[in-house]
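# Overview (structure and organization)
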2 protein chains.
Amino acid sequence: MESKEISQAVISRLPRYFRYLGELKDEGIERVSSQELSDIMKVTASQIRQDFNNFGGFGQQGYGYKVEYLYEEIGKILGLDKKHNLVIVGAGNLGQALANYMNFERRGFIFKGLFDNNPELFGRKIKDMTVRPMEELPFFIRENNIDIAVLTIPKTSAVAVAEELVIYGIKGIWNFAHVDLNVPKEIQVENVHLSDSLMKLVYNINRYEQDGSI
Amino acid sequence: MESKEISQAVISRLPRYFRYLGELKDEGIERVSSQELSDIMKVTASQIRQDFNNFGGFGQQGYGYKVEYLYEEIGKILGLDKKHNLVIVGAGNLGQALANYMNFERRGFIFKGLFDNNPELFGRKIKDMTVRPMEELPFFIRENNIDIAVLTIPKTSAVAVAEELVIYGIKGIWNFAHVDLNVPKEIQVENVHLSDSLMKLVYNINRYEQDGSI
């Protein structure tokens, strides 16, 4: 694949394509046209073709796309054909929920460890994973080739812990702390600011009530 | 305030402004220039001024913005000065984590109830809230003026349950199910597709490893 600059907007849509194609594949559907995809996904067909053109097109217009091929290619683009070792840093409610809830393995993630600095949690088992003290992180990350840290600690310590994770060799942080991290640009960060998302919902509800439109 | 069309991109940035202004306010800072905000938030100063101009500007350039005033005004725009009654539908790991983890009250949300269809969970207490059977939802939503449903059930039932919630009178859905809901356009939906976000992180990690840039 050619290395060309692809916008984060296009990248943001790839997981959604991947999700829908996975569903079509599970239903045994072999081919799909950009128009059919457009109808299901509520994105224009021209947007779909334009997005796919960033990656070479994937198939001929009119004749449609091969679902399984497209699913696999998008998976490869996303890097889901490679394994990624992951730790959860913060074993509070949210960290525990993610450990239990996310089907990490299905997408090529290997959930390797769960860390906290609360001694009361040390040794507790969550989804067959023992909570370890944060002090073990530096050694653990190097020893287990951990790529990704899921950061589920309070915002007061998140910035400092993120900086340490970078020193230990992490490549990406999935950040749930309500704070923007300050890490070098070669470290990838994906923020999930849950309360921002809820505030946006409230804005849209109020807006609709005020003038009946968005 | 004039009712003019404001893009979802601007709206998406409002909670982040609100968050940063809240921090400045907590630190006792009274005035901030768009340049200072720009430095902290890593958004250009002209972007900030442009965003604020959508809402009438908020203050004179050069002299800076009054932090507390700006914080309150953005809060009002977001609708956080109003109370919103909220229920969580799905008391599994994620529903329980959100019940425990989110500081709903701080932002004007009133957490009213937690529902599930698993009889084993009925009566269990999560953050002083008893898990109720889904059958009680229609009555409960009407009786308690519930605006917002947090949807934390598996994707197999999410579409159908969302349609029911609409019938019961819900105005907005905060959707954690890995599926796009099919609700009338007057119902506001904010999706949190956690696995999409993780996939995007992996894409950016791989991309950086391949060609050292994003």
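Structure: see above.
Here goes a summary of the coordinates provided. Please read all numbers here as calculations on a predicted model, not as lab measurements.

### Considering the packing of helix α1 (residues 8-26) of chain A against helix α2 (residues 34-41) of chain A
All names here are of chain A. Two elements in contact, α1 and α2, have axes whose closest approach is 11 Å; the angle formed by their N-to-C orientations is 105 degrees. When the axis of α1 is compared with that of α2, the two are roughly perpendicular. For the pair formed by α1 and α2, the contact residues are R16, Y17, Y20 and L24 on the first element and L37, I40 and M41 on the second.

### Overview of the interface of chain B and chain A
Taken residue by residue, the interface counts 70 residues in chain B and 71 residues in chain A. Roughly 6,500 Å² of surface becomes buried between chain B and chain A when both sides are summed, with 59% attributable to carbon and sulfur atoms. Remark: the boundary between chain B and chain A carries 11 salt bridges. With a shortest N-O distance of 3.9 Å, D180(B) and R19(A) are connected by a salt bridge. At the surface where chain B touches chain A, the tally comes to 23 residue pairs in polar contact (both at pLDDT 80 or more). Listed by contribution, the elements that provide at least two residues to the side of chain B that touches chain A are α1 (8-26), α4 (67-78), β3 (84-89), α5 (93-101), β8 (172-175), β9 (188-191) and α8 (194-211) of chain B. Tallying contributions element by element places α8(B) first for the side of chain B that touches chain A, with 18 residues. In terms of residue class, the side of chain B that touches chain A is made up of 35 nonpolar, 17 polar and 18 charged.

Parameters and conventions
Residues numbered from 1 in each chain as written. Chains lettered and ligands numbered in written order. Predicted model: local features only at pLDDT ≥ 70, side-chain atom pairs only at ≥ 80, totals over all residues. Heavy atoms only, no water. Axes fitted to C-alpha atoms, helices over the stretch in contact; angles between N-to-C directions. Helix = DSSP H or I, 4+ residues; strand = E, 2+ residues; numbered from the N terminus. Parallel < 35°, antiparallel > 145°, perpendicular 65-115°, else oblique. Contact = heavy atoms within 4.5 Å. Buried area = accessible area lost by both parts, 1.4 Å probe. Salt bridge = Lys/Arg side-chain N within 4 Å of Asp/Glu carboxyl O. Polar contact = N/O pair within 3.5 Å; in protein donor to acceptor, adjacent residues only side chain to side chain. Nonpolar A, V, L, I, M, F, W, Y, C, P; charged D, E, K, R; others polar.

Remember, this is a structural readout, not a statement about activity or role.
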